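Examination of the molecular architecture
Spelled out from the first residue to the last, the chains are:
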Amino acid sequence: MTILQDEKLLFTPAIPHSDALRTIFAFPNQYSVGITSLGYQIVWATLALRSDIQVSRLFTDFQESLPRYPELVGFSFSWELDYVNILSLLESLEIPCHSHQRQDRQAIIFGGGPVLTANPEPFAAFFDVILLGDGENLIADFINAYQEVRNADRPTKLRHLSQVPGVYVPSLYTVNYDSPEGEITAILPIDNNVPAFVSKQTYRSNTLSASTVVTKQAAWENIYMVEVVRSCPEMCRFCLASYLTLPFRTASLESLIPAIEKGLKVTDRLGLLGASVSQHPEFETLLDYLFQPKFEGVRLSIASVRTNTVTEKLARILSQRDTKSITIAVESGSDRLREIINKKLANDEIIQAAINAKAGGLKGIKLYGMVGIPGEETEDIAATVEMLIALKKAASGLRISFGCSTFVPKSHTPFQWFGVNKMAEKRLKYLEKQLGKQGIEFRPESYNWSVIQALLSRGDRRLTSLLELTRGYGDSLGSYKRAFKELKGQIPPLDYYVHQQWRLEQVLPWSHLHGPLSSNVLVKHLEDSQTKR
């Protein structure tokens, strides 16, 4: 069967009228990855439900029939290193990679998704338009505004689109630096008719997203995804998923249950999504609903849950719905460090969660932690080892996995001013050695990848030339260092972006792009964390 024959649509696409906007909506990775993205599914369906749009999908390994002369080409951008595929797909469409090189007759290139909403500046040169925030209403506002100037010249289109809340047109802003290798001094609109600031748009509703297509060719085969919560009320001070997506929103059961029943008509695999699913105020009621005999054959998956909500009941329901393990983020075994990051959690709760998981019939527990957190000391790493040893003893026979990443500063969070701790790599190796002695599975994330991630997380427009160089070299840290060497004197060094602690008064690359909380509020949260040290 073909890819399209495998798809089970949960919506009915509109029939485009004869003058519909010729649109390509791309995901810069393989089909199996892109079609598993709930965000991509939702925006694609939003476009396909409009009769004034003829939309074709494009992936790196699959495409629908594409228009010869598209008017709009959009990208859903979820992973930083996929920028390489964006450039390759633009070239395959014979569209210049740089916005300033595009002519009137060529498509407007727009993008959205978590990477661009967090910090679009390293990639700004490649896009005409960037949509900041939740797509539910924003994509419609963008399309409606484009229709109003569809037949205008390119500059008129871009200026008109820049007036839409949440629509950012990078070419209409200039960035000034105190030197080629120095700090940003100002980010300014090119004239008074362009908004000085662009604010991320927030979708406010108690009806959240659910899959619009189910297919066995997805990375999560035949899964139907339902978003239970959006954002997270915990507000750990390093966490982009919490701060950038505020406020915390929950789907009503009146919307969730019909959505679940709709999906389970076409598949027996259900995924409940959200940064803190078990903190839904009616989570227990939802569990009881899913534990009905009619759902006995359903395979249930739940994203990371809050530790103190891992009850024996939850574990029992999951184990009887074909789930083998549960995932919780603990960050550290140090009480002091958890206070610094605002992780409201005690070691006793972590150990009890493991005991409950085992008692409920689960076979394993996956814990996620972090090294290099601002304020971290070597004794905090030792405390993590001690906590895991205690957990193993308390829940003997439960398979324990500890995944660990390196702290990476993220925009719009209280820790955005910190750099990556150079000691993090040694601390990962220490954990690997100590946990190996105890027979605890350790899954470290690459320190080198964390360095690249930090570079892109805190990057500015000067990285454009570096990204184009590394595209040819590969995505290793060595490739980036080689590119920095070639561009020495033209851009700041790697250390400036990755390891340096930035001043609170500094103009940040995203200072003109406003998230849910102001810089002053983020500083207050940062100062509060420093009282815990």
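Residues numbered from 1 in each chain as written. Predicted model: local features only at pLDDT ≥ 70, side-chain atom pairs only at ≥ 80, totals over all residues. Heavy atoms only, no water.

The protein chain is annotated in an unreviewed UniProt entry as Radical SAM core domain-containing protein of Microcystis aeruginosa.

With that settled, the discussion passes to the state of the cysteines. Here the structure, examined in full by the defined rule, presents 0 disulfides. Its sulfur unpaired, Cys232 is 6.4 Å from the next cysteine sulfur, which belongs to Cys236. Left unpaired, Cys404 is separated from the closest cysteine sulfur, that of Cys236, by 15 Å. (Disulfide = S-S within 2.5 Å.)

Examined against the element boundaries, Leu287 turns out to sit in helix 10 (residues 283-290). Between the C-alpha atom of Leu287 and that of Leu318, which follows or precedes it by 31 residues, the distance is 9.2 Å. If we skip the residues at most four places from it in the chain, Leu287 touches Leu314 and Ile317. (Helix = DSSP H or I, 4+ residues; strand = E, 2+ residues; numbered from the N terminus. Contact = heavy atoms within 4.5 Å.)

Okay, the packing of helix 14 (residues 378-394) against helix 15 (residues 424-437) next. Put simply, helix 14 and helix 15 touch, their axes get as near as 11 Å, and they point 30 degrees apart. In terms of orientation, helix 14 and helix 15 fall into the roughly parallel class. Crossing of helix 14 over helix 15 shows right-handed handedness. Only Arg427, Tyr430, Leu431, Gln434 and Leu435 of helix 15 make contact with helix 14, whose side of the interface consists of Thr378, Ile381, Ala382, Thr384, Val385 and Leu388. (Axes fitted to C-alpha atoms, helices over the stretch in contact; angles between N-to-C directions. Parallel < 35°, antiparallel > 145°, perpendicular 65-115°, else oblique. Left-handed = near helix turned anticlockwise from the far one by under 90°.)

Quick look at the UniProt feature "domain: Radical SAM core" (unreviewed entry) in the protein chain now. UniProt records the feature "domain: Radical SAM core" (unreviewed entry) at residues 218-441, using the numbering of this structure. Helix makes up 37% of residues 218-441 and strand 19%, whereas the separation of the span's terminal C-alpha atoms amounts to 28 Å. (UniProt positions renumbered as here; feature names shortened; annotations may be inferred.)

This next bit is on the sheet that holds strand 2 (residues 21-26). For sheets, the rule is that strands pair by backbone hydrogen bonds, running either parallel or antiparallel. Pairing within the open sheet is mixed, and its 6 strands lie in the order 3-2-4-5-6-7. In the strand order of this sheet, the two ends are held by strand 3 (53-58) and strand 7 (167-168), each with one partner. Sheet topology places strand 2 next to strand 3; 6 bridges connect them, and they run parallel. By the bridge assignment, Phe25 is partnered in strand 3 with Arg57. Sheet contacts for helix 4 (residues 83-92): strand 2, strand 3, strand 4 (72-76) and strand 5 (108-112); angle to strand 4, the most-contacted strand, approximately 160 degrees. (Pairing = 2+ DSSP bridges.)

Along its sequence, the protein chain is carved into domain 1 (9-198), domain 2 (205-303) and domain 3 (304-531). Once you take the C-alpha centre of each, domain 1 and domain 3 turn out to be 30 Å apart. Contact with domain 1, which involves 35 residues of that partner, is made by 37 residues of domain 3. Summing both sides of the interface, domain 1 and domain 3 together bury roughly 3000 Å²; the carbon and sulfur share of this comes to 56%. In terms of surface lost to domain 3, no three residues of domain 1 exceed Leu81, Glu181 and Glu183, which account for 19% of the buried area on that side. (Domains from an automatic or database assignment. Buried area = accessible area lost by both parts, 1.4 Å probe.)

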